[in-house]
Structures are given as C-alpha cells and as structure tokens.
Amino acid sequence: MKIAVVGAGVAGSYLINRLDGHEVECFEQRQQEKWYTVCAWGTSRPYISSMVKKVGLNFDDYVLHTGDKMIVDYGTGSFEAPLKGLVTYDKHRLCEDMLKGHKIHWGTQVRSVDAFGDFDMVVDATGMPRSLLPKVKDDILVPCLEYQVRSSKLPWDDFYIRPYRGMRGYFWFFPLGDGTAHVGAGELNGAYRGELEAFLKKYDCEVIRKIGRPVRIVPPAYCQPFTNGKAVGVGESIGTVYPMLGEGIIPSMQCVETLVQNLGDTERYSEEILKQYDIYAKVFRFVKSKIDGNFSLVRNFPELFAIYMHMRSNTERYGLETHLSDMIKLSHV
Ligand SMILES: Cc1cc2nc3c(=O)[nH]c(=O)nc-3n(C[C@H](O)[C@H](O)[C@H](O)COP(=O)(O)OP(=O)(O)OC[C@H]3O[C@@H](n4cnc5c(N)ncnc54)[C@H](O)[C@@H]3O)c2cc1C
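Below: a short report on this structure.

1. Here we look at the overall build of the protein
When helices and strands are tallied, the protein shows 10 helices and 18 strands. Computed over C-alpha atoms, the radius of gyration of the protein comes to 19 Å, within 12% of the 20 Å expected from 2.2 N^0.38 for 333 residues, which places it in the range of a compact globule. Dimensions of the protein, computed from C-alpha atoms along their principal axes, come out at roughly 60 × 45 × 35 Å. Expressed as a percentage of contacts within the protein between residues at least 6 apart in sequence, the contacts between residues at least 24 apart total 71%.

What follows is the structure, given as structure tokens:
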C-alpha cells in the first residue's frame, strides 16, 4: 500500500518504522529545525523497551533518569509511590532517530485528506488537533505549560507531582539528570499561572526551553469516529492518553501496534481500539466525576477499585506501585 502518515510525533515516527513492505511518506507541519516533541519525557522502561527494540533501537541509550520514588503531594499530606521502571528519557532524540532514513515532508501542514488522491491510506497522527478527523463532541483539552530547566538548587532529586483540586490536572517535576529537569503543570482552567515562574525564581533556574500545548484526556470511546474516508487516526488524535495522568507515549505506541495488526481493516481496528482502551473510559468517568464535583467515595468506589486493580496488575506498564490507600487519598483532592 502507499501510506501517508501525517504528524511526526511519537505515534507517527514509530508507525513509519512499523510499515515494512509498504511505500510510506510522512508529512509534518513544522520545519525540521522548529519541530519539537512537547512532553515531560516520563515513561516506563520495561514496557517501552520491547517496542523500541522492534525498530532496531536500544531504549537504554536514551534514558536520562531512573526513578526510585515519586513524591505525591496531595495538599493535606504526601506519600511516596515506589517506582518500578519509571524513567525520563530523551524522547526528542529517540523520535529524531526513528525519523532517520524515511521520507519526511517537513513544513507541510495538512488540512484535508483530499490532497492524497494517489495514496491508499492516510494516517492522522496529528495528536491534539486531529486535523483529518471530525471534531470530538465535548472534547476536554487540558492546557499545559512546561519549562526545561537547569539549576544547582533543585528541590527534589526524583519524581514529584502535586494534583490540583478536583483532579483537574497536576504540577510535575521530572528529573532529567545533571541538574536539569522538566517542571510543568496542566490544569483545566490554567490555574497554574505564575506558579511555574515563581518556582524558577525560587530555585534560581536557567530556562533551557519553554514549551506548552493542551493534552486531550477524552479517551477513544469518546473520540469516535476513528476514520474519515481513507484517513484513520492513531495516537492522541483518537484519545490514547491515560486520563488521570495525561500519559500518552506508551498508549500511542500501543495504538500504532494495533493499527499495524489490523492494517486495511478499519472496522476491526476500531473494535480492537475500543476493547484495548476500555479501562481508559472508566478512568475518564472517574476523573470527570471529580471535575464536575459529582464524586462520592461510596458511590464511585467500584470504579475506583477497578482502576486500582488495573494499575496494580500492570505495575510494569505504569512503572509504579499502586496502593488502594493512596488512591483513596487522591480521590479526596
Ligand atoms: C506538556 C505535556 C507533557 C506530557 N508529558 C508526558 C509524559 O511525561 N509521559 C507521557 O507518556 N505522555 C506525556 N504527555 C502526553 C504525550 O506527550 C502525548 O500524548 C503523545 O506525545 C501523543 O503522541 P502523538 O504522536 O499522537 O501526538 P504528538 O506528539 O502531538 O505529535 C503530533 C505531530 O503532528 C504534527 N501535526 C499536527 N497537526 C498537523 C497537520 N495538520 N499537518 C502535519 N503535521 C501536523 C505536530 O506538529 C506533531 O509533530 C505529555 C503531554 C504534554 C502536552
């Protein structure tokens, strides 16, 4: 098949390496020198390593910091979540390496599938804008801002997060090694305004880079359709982001694998995606009930317990140990 992949983020750059035997071209809106992967670069090493191996690369070559614990500050107290594989890695360099040797049309913003008359299939890997798919009804996009910083006075040497009230987002500190870190925040109403700048001042930070974009937390079940004529969505364009954490790297790569396994059969692809990300819909309803102020621990306990069981039985996938008592503490935020 002749396949166009629109978007050179983690989903697009991974996908073009998973389409052996096909004629593939990638279209990216940014010029090569301005292209950047906006992200905090946190992921689970055991899980991502096997996928990166499939494209002939060694994930360990990109690891910047291996986590031991994550401090979770929930306002009235804090707990330490033991980490089981959570790392930060140079996501930008890994994406760059995955793009090498492929035909990339830099600086090409795609607005419609009509431009691809001679292609058999067009993949929408554009992430948040989902440029080739219909708009999501009741979409939820959480604005985020992040600084990559350097300082000798950083307050933590491991992962730290502080959720905002009503689970409307969180502040994060992800170490990148050698006195550098990603310090960022996402909140539905941008309630972090000024907070990050105060942090920079307080800890005497040199700003290496300031980036930001909203992240979609509406899961696949609410992001349908996944197709539009010969266009088919993959990654964040169809909501493969874990709603409670805004974590989208591994889910977007998993989504690519599902697309590759069902290439040419969009109906089966859509069915598989709905099954695969069913738990994300549960997590989303939990987060939504918090956002809307409708959460009750008694009423929503079965949902909370299902999420806990999922995360507990997928420790390697999330890279951290989950305890029910901690989940309950978080549900009060
Ligand atoms: C601030 C922030 C921090 C995050 N931190 C983490 C984290 O630590 N760990 C984690 O797992 N997830 C994190 N996420 C989520 C994760 O980064 C995304 O879910 C994931 O990168 C989605 O990958 P994608 O390839 O689908 O989309 P993207 O990475 O957004 O890539 C889309 C690409 O398409 C291009 N594009 C868009 N529109 C067009 C168009 N019309 N034509 C051509 N090209 C186009 C864009 O320029 C971009 O290069 C974070 C998100 C944000 C915003």
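Text resumes after the structure shown.
2. Observations concerning the site of the ligand
As a structural note, the neighbourhood of the ligand is formed by 40 residues, with G7, G9, G127, G235 and G248 the closest of them. Of all the elements in the fold, those that place two or more residues in the shell around the ligand are α1 (10–15), β3 (42–44), β11 (144–150) and α5 (249–261). No other element matches the 3 residues that α1 contributes to the shell around the ligand. Residue composition of the shell around the ligand, by class: 17 nonpolar, 17 polar and 6 charged.

3. Focus: the nonpolar core
Here is a general trend for soluble globular proteins: nonpolar side chains tend to be buried in one another's company. With 88 residues, the main nonpolar core has V5, V6, L15, V122, V123 and V234 as its most contacted residues. If we ignore the near neighbours within four places in the chain, the residues touching V234 are A11, L15, V123, D124, A125, C255, V256 and L259.

4. Some details on the sheet that holds strand β14 (residues 180–187)
Hydrogen bonds along the backbone pair up the strands of a sheet, which may run parallel or antiparallel. The sheet built from 7 strands is open, its strands ordered β6-β5-β12-β13-β14-β11-β15 with mixed pairing. Unpaired on one side and paired on the other, β6 (78–82) and β15 (206–212) mark the two borders of the sheet. The average angle at which neighbouring strand axes cross in this sheet is 15°, direction not considered. With 7 bridges connecting them, β11 and β14 associate as antiparallel partners. Along β14, the bridge assignment pairs Y147 with V183. In the packing of helix α4 (residues 195–202) onto the sheet, contacts are made with β11, β13 (169–177), β14 and β15, and the angle to β14 comes to roughly 155°.

5. Section: the environment of I250
Examined against the element boundaries, I250 turns out to sit in helix α5. When the 19 C-beta atoms within 10 Å are taken as the criterion, I250 is described as partly exposed. Remark: the alpha-carbon pair of I250 and V10, spanning 240 residues in sequence, is separated by 9.1 Å. Setting aside chain neighbours within four positions, we find I250 in contact with T43, S44, Y47 and I48.

6. Thoughts on the pairing of β11
Of all 7 residues in β11, 6 are buried; the element is thus mostly enclosed. Of the strand pairs in this sheet, β11 and β15 are connected by 6 bridges, and their pairing is antiparallel. The residue bridging L145 from the neighbouring strand is G212, located in β15.

7. Considerations on the sheet that holds strand β17 (residues 227–228)
The strand order across the open sheet formed by 6 strands is β8-β2-β1-β9-β18-β17, and the pairing between neighbours is mixed. Pairing within the sheet leaves two strands with one partner each, and these edge strands are β8 (104–105) and β17. As judged from the 3 bridges shared by strand β9 (residues 121–124) and strand β18 (residues 231–233), these two strands associate in the parallel manner. Bridged to V122 within β18 is A231.

8. Some words on the packing of α5 against helix α6 (residues 266–276)
In a pair of packed helices, the angle between the axes and the distance between the axes together describe the arrangement. Close contact between α5 and α6 brings their axes to 9 Å; oriented N to C, the two are set at 150°. Here the hand of the crossing between α5 and α6 comes out right-handed. Contacts between α5 and α6 involve C255, T258 and L259 on the former and, on the latter, Y269, E272, I273 and Q276. Across the contact of α5 with α6, the residue classes tally to 4 nonpolar, 2 polar and 1 charged.

9. Describing the pairing of strand β12 (residues 159–163)
The pairing of strand β5 (residues 69–73) with β12 spans 3 bridges and is parallel. Its bridge partner being in β12, M70 is matched across the sheet by F159. In this structure, the hairpin formed by β12 and β13 is closed by a connection of 5 residues, where G166 is found at a positive phi of approximately 70°.

10. Describing the packing of helix α8 (residues 297–312) against helix α10 (residues 324–331)
Direction vectors running N to C along α8 and α10 enclose 130°, while the axes themselves pass 11 Å from each other. Taken together, the axis directions place α8 and α10 in an arrangement best described as oblique. Crossing of α8 over α10 shows right-handed handedness. Of α10, the residues touching α8 (which contributes L297, L304 and Y308) are L324, M327, I328 and S331. Here the residues of the contact of α8 with α10 sort into 6 nonpolar, 1 polar and no charged.

About the cut-offs
- Residue positions are counted from 1 within each chain, in the order its sequence is given.
- In keeping with the predicted nature of the model, local features appear solely for residues at pLDDT of at least 70, side-chain atom pairs appear and are counted solely at 80 or more, and the whole-chain, interface and lining totals rest on all residues.
- Note on conventions: DSSP H or I runs of at least 4 residues are helices, E runs of at least 2 residues are strands, and numbering of each starts at the N terminus.
- For this measure, only C-alpha atoms enter the radius of gyration; the expected value for a globule follows 2.2 Å times N^0.38, where N is the number of residues.
- Any pair of residues counts as being in contact when their C-beta atoms, constructed from backbone geometry, are within 7 Å of one another.
- To decide nearness, the C-beta atom of each residue is placed from the backbone, and the residue is near a molecule or strand if that atom lies within 6 Å of it.
- Under the convention adopted here, Pro, Cys and the residues Ala, Val, Leu, Ile, Met, Phe, Trp and Tyr are nonpolar, Asp, Glu, Lys and Arg are charged, and Gly plus all remaining residues are polar.
- Residues enter a nonpolar core if they are buried, belong to Ala, Val, Leu, Ile, Met, Phe, Trp, Tyr or Cys, and are joined to the set through C-beta atoms within 7 Å.
- Burial is judged by counting other C-beta atoms within 10 Å of a residue's own C-beta: 20 or more means buried, 12 or fewer means exposed, and anything between counts as partly exposed, with every C-beta placed from the backbone.
- Each pair of strands is called paired provided DSSP finds at least two bridges between the two strands.
- Fitted lines through C-alpha atoms give the axes, limited to the stretch in contact for helices. The angle between two N-to-C directions lies from 0 to 180 degrees.
- For any helix crossing, the convention is left-handed if the near helix is rotated counterclockwise from the far helix by under a right angle, and right-handed if that rotation is clockwise.
- Angles are sorted into four bins: roughly parallel if under 35 degrees, roughly antiparallel if over 145, roughly perpendicular if 65 to 115, and oblique for all others.

Honestly, that's just the spatial picture; any functional story needs more than this.
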